[in-house]
Amino acid sequence: MNKLVTTALCAMAFALTANAQEQEKKTTIELPQWVRNIKFSGYGMLQYQGQDPEGNHSNSFNLRLARFILDGKIGDFDWRAQIQGTNVKGPGEPTVQLVDLYAEWRKYPEFKVRAGQFKRAFTFENPTHPITQGWYSYANVINALSGFGDRTGEKSSGGRDIGIQISGGLFPNANGRRLLHYQVGIYNGEGINQKDKDNKKDIIGGLWVMPIEGVRIGAFGWTGTKGEVAATFVPDGWYSKEGYVTPDMTSNSITIKSARKNRYCLSAEYDKDEYTFRAEYLHSQGWGTNLDLGDKADGWYAFGIVPVVKSKLHAKARYQCYRDNKEWNRAKTMYEVGFNYFFTKNLQMNIEYARVNDRVLENHNYNFVDLELDFRF
């Protein structure tokens, strides 16, 4: 009898175990590879700034920006979606926007195709990560002439636009490092999250050589239009200008249709073993939001960031100048020094002091300080 009971219990246990295993198999969901390839990341940048131009002193804590990023891979395509939150527009205005949404075919390193909304193919500094870039902001000339807060009045776009781009690296050496890189893109010319307003496209391209490891020497070109530019002017000087709609004499304003943008950039960089040196010169021809400044602007910057304690403390210095009319009477020059301290690879503090010379101001010189806490996740 005991043997029968034992045998029955064993059979029951075996049946229950087999049934549980069968149920587990039925409830297991196998995720497709493209879902398993999705990665979530992001970063935040907290800021304190103070400056003392005569009659306009200020100091404030600031949320510079926060970004949330999804990256993925489907076959030979990589894709990215990135959302940004920032107070750059000011209180009471929308501060969350889509900044990146694109897919890139990357089967061949010699020929890649990207489509969607992404960084314009202009300058070395534009595509640099805001934290890796190492300063309180991109250089003034980059902000004004590379599609951040553009002189044409385009809203802050982080250097981005909607379009399609081809790029690639050619002529690999014995170590596999490619000696020549190219990229060419066609864009709406209106900035992020904007349709083309004049059915004319911007064409932007860059070409650079990498003769030794860490070195890039290149040049970029940009031609295109912005659909409409709302500009101001001094009436005495603009009644007879051609190519614009009729001026509004009551507000001294004018709307430029298909405002021309012709720009170029010359660039050089060394970036290796935590040493970074970069210099760029940018030139622009085309009307901006203030017609009295003329149709030309230019600027340049040069900086160095070097390790004092490897992977822990970096010292930095930058010289930059931007001339919104390509004349010295409106030049804004900044002489900057500072340190970047890394608590970990994902958490750093940046400290910066600048002496500013702004020729637009009656008293040209003033001081500027910036302190940032940046983190990634």
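Just above sits the structure.
The shown structure was predicted, so the numbers you read here are calculated from the model rather than taken from an experiment. (Residues numbered from 1 in each chain as written. Predicted model: local features only at pLDDT ≥ 70, side-chain atom pairs only at ≥ 80, totals over all residues. Heavy atoms only, no water.)

(A) Broad picture of the pattern of salt bridges. Here the structure, examined in full by the defined rule, presents 24 salt bridges. Across the salt bridge formed by Asp71 and Arg80, the nearest N and O atoms sit 2.7 Å from each other. Accessibility expressed as a relative area gives 23% for Arg80, which makes it partly exposed. Between Lys272 and Glu213 there is a salt bridge, with the nearest N and O atoms lying 3.8 Å from each other. With Lys272 in strand S10 (residues 253-272) and Glu213 in the loop between strand S8 (202-209) and strand S9 (215-232), the pair connects residues that are 59 residues apart, well separated along the chain. A residue is classified by how much of its surface remains accessible, and Lys272, at 28% relative accessible area, is partly exposed. Connected through salt bridges with shared partners, the residues Lys73, Asp78, Glu104, Arg106 and Arg114 form a single ionic network. (Salt bridge = Lys/Arg side-chain N within 4 Å of Asp/Glu carboxyl O. Buried < 20%, exposed > 50% of the residue type's maximum accessible area, 1.4 Å probe, protein only. Helix = DSSP H or I, 4+ residues; strand = E, 2+ residues; numbered from the N terminus.)

(B) Molecular detail of a nonpolar patch on the surface. Nonpolar side chains collect at one region of the surface, where Trp34, Ile38, Phe40, Phe68, Leu70, Ile74, Phe77 and Phe377 lie side by side and expose about 780 Å² of accessible area between them. At three residues, strand S2 (residues 58-74) tops the list of elements feeding residues into the nonpolar patch. Inspection of the secondary structure assignment puts Phe68 in strand S2. Judged by relative accessible area, which is 42%, Phe68 ranks as partly exposed. (Patch = residues over 30% accessible without salt bridge, like charges linked within 9 Å, V, L, I, M, F, W, Y side chains within 5 Å. Areas by Shrake-Rupley, 256 points an atom, 1.4 Å probe, with all protein chains shown as cover.)

(C) Local environment of the pairing of strand S5 (residues 111-119). Taken together, the six bridges between strand S4 (residues 96-108) and S5 define a ladder with antiparallel strand orientation. When the bridges of S5 are listed, Leu101 appears paired with Gln117. Alignment of S5 against strand S6 (residues 160-172), held across eight bridges, turns out to be antiparallel. Directly across from Ala115, in S6, lies its bridge partner Ile164. (Pairing = 2+ DSSP bridges.)

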